[in-house]
Amino acid sequence: MTTVDPDGGDPQYRPVFVRAGRGGWGQGLELTPTPDKYKVISVTGGGIHPVARRIAELSGGEAVDGFRTKVEDAEVLAAVINCGGTARIGVYPRKRIPTVDVFPGEPGGPLAQFITEDIFVSAVSPEDVSLLEGQAVTAGVGAAAAGAVGTAPTARTDAAEGGPAGGPLPPLPDESGTEDRAPRGFFVKFGTGVGYIINTFLAAARQSINLTLNTVLPFMAYVSLLLGFVIYTGIAQWIGGLLAPLSSNPIGLIGIGIVVALPFLSPILGPGAAVAQIVGVLMGTQIATGALPVQYALPTLFAIDGQVGCDFVPVGLGLGEAKVETVEVGVPAVLFSRLITSPLAVIIAWLASFGL
Amino acid sequence: MEAILLAQDQPPPTGASTNPVLNGIIWAGEHFIGLFNEAGKQFAGLITGILPTLIVLLTFMYAVIKFIGEDRVTRAVQWSAKWWITRYTIMPILAVLVLTNPMAYTFGRFLRERHKPAFYDSAVSFVHPVTTFFPYANAGELFVWLGVANGVMQLGQSTVPLAVRYFAVGVVVILIRGVVTEFITNYLIRREGKTALFDSYDAEYAATAAGGSAR
């Protein structure tokens, strides 16, 4: 059985790589059909999705409308879905079937823990499906048609008689699939459009709740403890008394602005804006009790923030792909310019605070 | 749990017993729980006052960014990198709004080496004023502004006038910081005799920009 049977008995299988689309998730999937696992099911509300057809075309597998026909899990090479982020997104990864979601979305829903990078990729469009360069996979049984594996590209040209014409990357198949009965026209476009928008808002909501749970709520708990302690024990009034002379006149504020921006001090005060946030909270208690008039809040906000980011200069420059010499020059430049711009900011804020 | 709730509802015992030790223990017990009741009240205030608006605003903003997409913004950023007036206003604002803290500084890659410190200085100085209207941009450091806004809210006034001024002055300050830091960076380059080196970086930057392959 050395020659490849052209009429599809043992078609030429090719490895295909599916990468994540724009705003998608996942490192991408490498799919290689085998004689007993070559079906690409398209579970996208009926019909065969262009992405599913393209994967089947390129890999030599077979696209199946998973909405209408039942396919054994063992035979499924990959499942193409347009999932809202709850059900299908979790079901196929749970069965360890490589899943290609045409909508953007991160692992979510009740089965989120099964969705891993080696089994799921999202926001995929037909352009994101590509052949893995060069080697054509010899089918389990037969050798490559032209025998020599080396000449793989030519071998592929006459491999699958019904398959697409040769050439490195077959053109996108046109819509006139053989038994493709997908609903067509305005409603499909409108439906997928609305589906995409709703899915994006859902993904955004999921991102906001994650952020709240991981960042905002913990900080609120910590700040409330601080507030409770400071208010209940009356230290707030004592601090108010201490800060009042400083923060109720511009000279005091400018003084704070300079002290905070001292080059040897600002990197210590900078981390996580801890100092700025604690003073912001304490200032809030002073404003609530009326000890600090609201118009002095504006210059004070700038007075206590002269050190923002001074602990992060080298890392921030690194993020901007700065060269070594740039960081050597940049760190002192930023620290020394703060000595000028921090008090200057307080003056500008004080001028802008009239009429509050 | 019941003990805590009981202590919370029960008014402090009026007829204290004569035994001073018992009084002391009761005093300590009351104030110990009183402290955490106050903290609990503050936490409830934060949750009801700030969190609902914050979560809905975060959702809206994340969706808008997903729709706009980073690559559309990249072209606008590269355009704004040309002149100092836009390099220290529009560019840091776009960077912080679209990429949020700390990824905003990666837009530094579109600049000449000599401009990177100044861009970083102006972008990082915007991460606190931006939380007035766009808290998602720096959700880790909300309480610089929220601490103050919480006080103004408890005073019964609206926080918007203060927020608008904080944002506006923030923009003016980041422009000044950018210009001053750029000036000092150039001065340091000259003083440490690295002018030739940075000129070569500028040439290299011009080449890549001309080649249209700006990363």
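Not measured: the values here are computed from a predicted model. Throughout this description, residue numbers start from 1 for each chain and increase along the sequence as written. Chains and ligands are labelled by the order in which they are written, letters from A for the one and numbers from 1 for the other. Given that the model is predicted, a residue must reach a pLDDT of at least 70 before its local features are reported, and side-chain atom pairs must reach 80 or more before they are shown or counted; all residues, however, enter totals for whole chains, interfaces and linings. The basis for every side-chain value is the complete set of non-hydrogen atoms in the structure, without hydrogens or water.

**Some details on the overall build of chain B**
Which entries qualify depends on this criterion: A run of H or I in DSSP becomes a helix once it reaches four residues, and a run of E becomes a strand once it reaches two; helices and strands are each numbered from the N terminus. Exposure is judged per residue with a 1.4 Å probe applied to protein chains only, and the accessible area is read against the type maximum: over 50% gives exposed, under 20% gives buried, and values in between give partly exposed. A contact between two residues is defined here by any heavy atoms of the two lying within 4.5 Å. Per-residue and other accessible areas follow the Shrake-Rupley method at a 1.4 Å probe size, with only the shown protein chains counted as cover for residues.
The helix and strand inventory of chain B stands at 10 helices and 0 strands. Counting from the amino terminus, helix and strand elements in chain B follow one another as α-α-α-α-α-α-α-α-α-α. A burial count over chain B gives 47% of its 215 residues as buried. For chain B, the proportion of contacts with a sequence separation of at least 24, taken over those separated by at least 6, is 65%. For chain B, the exposed surface amounts to about 10300 Å²; the carbon and sulfur share of it is 69%.

**So, the interface of chain B and chain A**
Rules: The buried area of a pairing is the accessible area, by a 1.4 Å probe, that goes missing from both parts when the two are put together, added over both. Salt bridge, as applied in this entry: a Lys or Arg side-chain nitrogen positioned within 4 Å of an Asp or Glu carboxyl oxygen. Residues adjacent in sequence count toward polar contacts only when both atoms are side-chain atoms; beyond that, a polar contact is any pair of N or O atoms within 3.5 Å, and within protein one must be able to donate a hydrogen and the other to accept it.
Counting residues at the interface gives 77 residues for chain B and 81 residues for chain A. When the two sides are added together, the surface that chain B and chain A hide from each other amounts to roughly 6600 Å², 74% of it contributed by carbon and sulfur. Interface area lost by chain B to chain A is led by Lys66(B), Tyr120(B) and Phe143(B), which between them contribute 10%. If you look at where chain B meets chain A, you find 4 salt bridges. With its nearest N and O atoms 2.7 Å apart, the salt bridge here joins Asp121(B) to Arg338(A). Counting across the interface, chain B meets chain A through 22 residue pairs in polar contact (both at pLDDT 80 or more). Elements supplying a minimum of two residues to the side of chain B that touches chain A: α2 (20-49), α3 (51-68), α4 (70-80), α7 (116-124), α8 (143-154), α9 (160-191) and α10 (195-210) of chain B. In terms of residues, the side of chain B that touches chain A owes the most to one element, α9(B), which gives 16 residues.

**Comments concerning helix α6 (residues 250-260) of chain A**
What counts is decided by this rule: Relevant arc is that of directions from the helix axis to the C-beta atoms, nothing else.
Taken together, the buried positions of α6(A) are Pro250(A), Gly252(A), Leu253(A), Ile256(A), Gly257(A) and Val260(A). Projected down its long axis, α6(A) shows its buried positions confined to an angular sector of 160°, all on one face.

**Here's the deal with the UniProt feature "modified residue: Phosphocysteine" (unreviewed entry) in chain A**
Residue and element names in this part refer to chain A. Stated precisely, the cut-off is as follows: UniProt positions are given in the numbering used here, feature names are shortened, and annotations may be inferred rather than shown by experiment.
Using the residue numbers shown here, the UniProt feature "modified residue: Phosphocysteine" (unreviewed entry) corresponds to Cys83. Position of Cys83 among the secondary structure elements: in the loop between β5 (76-81) and α2 (88-94). Not counting the four nearest positions on each side in its chain, Cys83 is found in contact with Arg88, Ile89, Asp101, Phe103 and Asn199.

**Digging into the UniProt feature "transmembrane region" (unreviewed entry) in chain A**
Residues and elements named next belong to chain A. Taking the numbering used here, the UniProt-annotated feature "transmembrane region" (unreviewed entry) corresponds to residues 186-204, 216-239 and 251-269. Annotated as 100% helix and 0% strand, the span residues 186-204 places its first and last C-alpha atoms 27 Å apart. Helix makes up 92% of residues 216-239 and strand makes up 0%, while its end C-alpha atoms are separated by 26 Å.

**As for the packing of α2(B) against α3(B)**
Residues and elements named next belong to chain B. As a reminder of what qualifies: A fitted line through C-alpha atoms serves as each axis, taken over the contacting stretch for helices, and the angle formed by two N-to-C directions is quoted from 0 to 180°. Angles are sorted into four bins: roughly parallel if under 35 degrees, roughly antiparallel if over 145, roughly perpendicular if 65 to 115, and oblique for all others. Throughout this entry, Asp, Glu, Lys and Arg are counted as charged residues, while Ala, Val, Leu, Ile, Met, Phe, Trp, Tyr, Cys and Pro are counted as nonpolar. The remaining residues, Gly among them, count as polar.
Put simply, α2 and α3 touch, their axes get as near as 4 Å, and they point 40° apart. For the element pair α2 / α3, the angle class is oblique. Along its contact with α2, which presents Leu46, Ile47, Thr48 and Gly49, the element α3 presents Leu51, Pro52 and Thr53. Here the residues of the contact of α2 with α3 are counted per class, giving 4 nonpolar, 3 polar and no charged.

**Description of the packing of aromatic side chains**
The line we're drawing: Centres within 6.5 Å are what make two rings of Phe, Tyr or Trp a pair, Trp counting through its six-membered ring; a difference in plane orientation under 30 degrees is then read as stacked, over 60 as edge-to-face, and the rest as tilted. We call a charge positioned over a ring when the NZ of a Lys or the CZ of an Arg lies within 6 Å of the ring centre and within 35 degrees of the ring normal.
Per the counting criterion, the structure on display carries 22 aromatic pairs over all chains. Ring centres of Phe107(B) and Phe110(B) lie 5.8 Å apart, and the angle between their planes is 40°; this geometry places the pair in the tilted category. You can call Phe110(B) buried: its relative accessible area is 3%. One aromatic cluster is present, built from ring pairs that chain together Tyr62(B), Phe126(B), Phe133(B), Phe134(B), Tyr136(B) and Phe167(B). Lying across the ring of Tyr201(B), Lys323(A) places its NZ or CZ 5.0 Å from the centre.

**Focus: empty space enclosed by the protein**
Our working definition: The method works on a 1 Å grid over the protein atoms by themselves. A cavity is a set of points holding a 1.4 Å probe that cannot get out, a pocket is an open set with protein on both sides within 12 Å along at least five of seven lines, and residues with an atom within 4 Å of a point line them. Grid points are joined across faces, edges and corners, and a volume is the space filled by probe spheres set on the points.
If you walk through the whole model with that rule in mind, you get 4 cavities of 30 Å³ or more. Size it by volume and the largest cavity reaches roughly 60 Å³. Taken together, Leu301(A), Phe302(A), Asp305(A), Val308(A), Ser125(B), Pro129(B), Tyr166(B), Val173(B) and Arg177(B) make up the full set of residues lining the largest cavity. Within the residue set of the lining of the largest cavity, elements represented by two or more residues are α9 (297-303) of chain A together with α9 of chain B. It is α9(B) that provides the largest number of residues to the lining of the largest cavity, a total of 3 residues. For the lining of the largest cavity, the class distribution of residues is 6 nonpolar, 1 polar and 2 charged.

**So, the sheet that holds strand β7 (residues 120-121) of chain A**
Adjacent strands of a sheet pair through backbone hydrogen bonds, lying either parallel or antiparallel. Residue and element names in this part refer to chain A. Where we set the bar: Strand pairing is assigned whenever DSSP detects at least two bridges linking the two strands.
Taking strand neighbours across the sheet as the criterion, the 5 strands line up as β4-β3-β5-β6-β7 in an open arrangement whose pairing is parallel. Each edge of the open sheet is held by one strand with a lone partner, namely β4 (62-64) and β7. Inspection of the sheet shows strand β6 (residues 99-101) paired to β7 by 2 bridges, in the parallel sense. Looking at the pairing, Val100 lines up with Val121 of β7.

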